[in-house]
Amino acid sequence: MSTESQVPKESAITTTDTEDTAITPEVVSEDSSKTPSEIQQETTALIEAIRSKALTEAKEAGELARENYLDTVRRIRQDIEERKLFDPHRIDEAVKYIQTEVEKDWESVVKEWNSVVKEVSSFGDRLNEAAKAAWEILTAPSKDKNS
């Protein structure tokens, strides 16, 4: 793994043009022993030192944050692996309970189905008897004397 921080370019601290860091000697005291260009150079050096220190600090903070994150993830993973979150005995009990409930429900469904089958069969028998009676009436010889 690399120890370099993965800072997006948009968020990274970058160096700027010399125009941005140029210091204009607007206020220079008259008793100063340094020339305006020397003051400008010293100020520019100070800004560069601050910028360099800020970049170093930011990089170290990024690396520290990354390492802290990785350590936290490792500790959480170890904690999960070490804990017995599920008791195998309780899982077995739950499975047995579910099996018992399914069996009860199945027995209920079978009883209901048998009841439905009996009703349909009874209805079919009555329908068959009605069809026979209707056929006998339709095919019976007529009782009229004129026929």
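Residues numbered from 1 in each chain as written. Predicted model: local features only at pLDDT ≥ 70, side-chain atom pairs only at ≥ 80, totals over all residues. Heavy atoms only, no water.

## Details of the overall build of the protein chain
Phase 1 of the analysis: A tally of helices and strands in the protein chain yields three helices and zero strands.
Phase 2 of the analysis: The secondary structure elements of the protein chain, listed N-terminal to C-terminal, are α-α-α.
Phase 3 of the analysis: Expressed as a percentage of its 147 residues, the buried residues of the protein chain come to 2%. (Helix = DSSP H or I, 4+ residues; strand = E, 2+ residues; numbered from the N terminus. Buried < 20%, exposed > 50% of the residue type's maximum accessible area, 1.4 Å probe, protein only.)

## Some details on the pattern of salt bridges
Phase 1 of the analysis: In this structure the tally under the stated criterion is five salt bridges.
Phase 2 of the analysis: Close ionic contact of arginine 66 with glutamate 67 constitutes a salt bridge, the shortest N to O distance being 3.2 Å. (Salt bridge = Lys/Arg side-chain N within 4 Å of Asp/Glu carboxyl O.)

## Points about a nonpolar patch on the surface
Phase 1 of the analysis: On the surface, a cluster of nonpolar side chains totalling about 380 Å² of accessible area is made up of Trp113, Val116, Val117 and Val120.
Phase 2 of the analysis: Within the element layout of this structure, valine 116 appears in helix α3 (residues 88–139).
Phase 3 of the analysis: Exposure remark for valine 116: the relative accessible area of 34% places this residue in the partly exposed category. (Patch = residues over 30% accessible without salt bridge, like charges linked within 9 Å, V, L, I, M, F, W, Y side chains within 5 Å. Areas by Shrake-Rupley, 256 points an atom, 1.4 Å probe, with all protein chains shown as cover.)

## Side note on the side chain of arginine 51
Phase 1 of the analysis: Tracing the backbone shows arginine 51 in helix α2 (residues 36–82).
Phase 2 of the analysis: Residue arginine 51 is classed as buried on the basis of its relative accessible area, which comes to 17%.
Phase 3 of the analysis: Of the polar contacts made by the side chain of arginine 51, one reaches the side chain of glutamate 48; its length is 2.7 Å. (Polar contact = N/O pair within 3.5 Å; in protein donor to acceptor, adjacent residues only side chain to side chain.)

## Some thoughts on the confidence of the model for the protein chain
Phase 1 of the analysis: Across the protein chain, the average pLDDT comes to 77, with 75% of residues at or above 70.
Phase 2 of the analysis: Averaged pLDDT values over the elements of the protein chain bottom out at 50 in helix α1 (residues 18–21) and peak at 89 in α3. (pLDDT = per-residue confidence, 0-100.)

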